[in-house]
Amino acid sequence: MIYLKTDEEIELMRVSNLLVGKTLGELSKWIAPGITTLKLDKIAEEFIRDNGGVPGFLGYGGFPATLCVSVNETVVHGIPSSQTLREGDIVSIDCGAVVNGYNGDSAYTFAVGEVDEKVKHLLEVTKASLYLGIEQAIEGNRIGHIGNAIQDYCEHQGFTVVREMTGHGIGKKLHEEPAVPNYGRRGVGALLKSGMCIAIEPMINMGSRNIVIESDGWTCRTKDRKPSAHFEHTVAIRKGKADILSSFEFIEGESKQ
Ligand code: MG
Ligand code: MG
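What counts and how
- Residues numbered from 1 in each chain as written.
- Chains lettered and ligands numbered in written order.
- Predicted model: local features only at pLDDT ≥ 70, side-chain atom pairs only at ≥ 80, totals over all residues.
- Heavy atoms only, no water.
- Pairing = 2+ DSSP bridges.
- Helix = DSSP H or I, 4+ residues; strand = E, 2+ residues; numbered from the N terminus.
- Buried < 20%, exposed > 50% of the residue type's maximum accessible area, 1.4 Å probe, protein only.
- Disulfide = S-S within 2.5 Å.
- Axes fitted to C-alpha atoms, helices over the stretch in contact; angles between N-to-C directions.
- Parallel < 35°, antiparallel > 145°, perpendicular 65-115°, else oblique.
- Left-handed = near helix turned anticlockwise from the far one by under 90°.
- Contact = heavy atoms within 4.5 Å.
- Nonpolar A, V, L, I, M, F, W, Y, C, P; charged D, E, K, R; others polar.

Peer 1: Before we go on, may I ask you to explain the sheet that holds strand E8 (residues 176-180) in this structure?
Peer 2: Working definition: the strands of a sheet are paired by backbone hydrogen bonds and lie parallel or antiparallel to each other. With respect to topology, five strands assemble into an open sheet ordered E8-E7-E9-E14-E15, the strand pairing being antiparallel. Whereas interior strands pair on both sides, the edge strands pair on one side only; in this sheet they are E8 and strand E15 (243-244). The pairing of strand E7 (residues 167-169) with E8 spans three bridges and is antiparallel. Paired with Gly169 across the bridge in E8 is Glu176.

Listed below in structure tokens is the structure:
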């Protein structure tokens, strides 16, 4: 069952996603060599609660934290810990918040200090692929248009697309139908209709696309331990152009996407 949201519900979704964007912006000030991933989690939880929200991931399916913090070869679902960020790391921060019963969900991969040129390219390509996917997230297209745009671009840049993890519908529940794969064929999958809200979240690897789930049951890492990047926006499907409900503006400033 795919739930179409009313305009009023989409405005509520914008509020929760705006809080997620502001939380990521707050975290961007703290990301530096020496900080632990658990400290970032505490900052995020306090920030969300101080601004009238509830962490969306905490307790979801038993997840123990506010953030998924995924360093270097960790693809997604890293559990905050005493792990310290180091110069040259990349760290994906995935954040969810609930306000007025609606979920926000967005992720950004940050460079910690100066990173290797090839790693920087992985970040640029993964973020660009997110926006290429969003361009296809319009009424009348199908889910496959989104994944195809992401896969085609990333593979042409020499990177690989994780298959086992996907984006998703989002609303009152964090994960709703449909699944939004980052690969696929144009014209295949559910028809996109105005009012559908989906989270698009390419997970792109530098080496092989294969992943492993660690024994904690959450941490998803690349099998070859090469770096992986992850960017995510929550968007509402509209005619002609998707409405991006989350925001990187608090990380990057208004001049960039
Ligand atoms: Mg997310
Ligand atoms: Mg998500």
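Continuing now.
Peer 1: Even after reading the chapter, I still don't get the pairing of strand E5 (residues 102-111), so can you show me in this structure?
Peer 2: Here is the key point about a regular strand: its side chains alternate between the two faces of the sheet. Of all 10 residues that make up E5, nine are buried, and the element is covered over most of its length. In this structure, strand E4 (residues 90-99) lies alongside E5, joined through 10 bridges in antiparallel fashion. Within E5, the position partnered with Asp94 by the bridge is Ala107. The hairpin formed by E4 and E5 contains two residues between the paired strands, and Asn100 there has a positive phi angle of roughly 55 degrees.

Peer 1: Would you mind going over the state of the cysteines with me for this structure?
Peer 2: Covalent bonding between the sulfur atoms of two cysteines defines a disulfide. Counting across every chain of the model gives zero disulfides. Cys68 supplies the cysteine sulfur nearest to Cys95, a cysteine that is in no disulfide, at a spacing of 9.4 Å.

Peer 1: Explain the packing of helix H3 (residues 117-135) against helix H4 (residues 143-156) to me, please; I cannot follow it from the model alone.
Peer 2: A packed helix pair is summarised by two numbers, namely the angle formed by the two axes and the spacing between the axes. Remark: H3 packs on H4, axes separated minimally by 8 Å, with the N-to-C direction vectors making an angle of 150 degrees. Taken together, the axis directions place H3 and H4 in an arrangement best described as roughly antiparallel. Where H3 crosses over H4, the two elements pack in a sense that is right-handed. The segment H3 lies against H4, with Val125, Ala128, Ser129, Leu132 and Gly133 engaging Ile146, Ala149, Ile150, Tyr153 and Cys154. A class-by-class count of the residues in the contact of H3 with H4 yields eight nonpolar, two polar and no charged.

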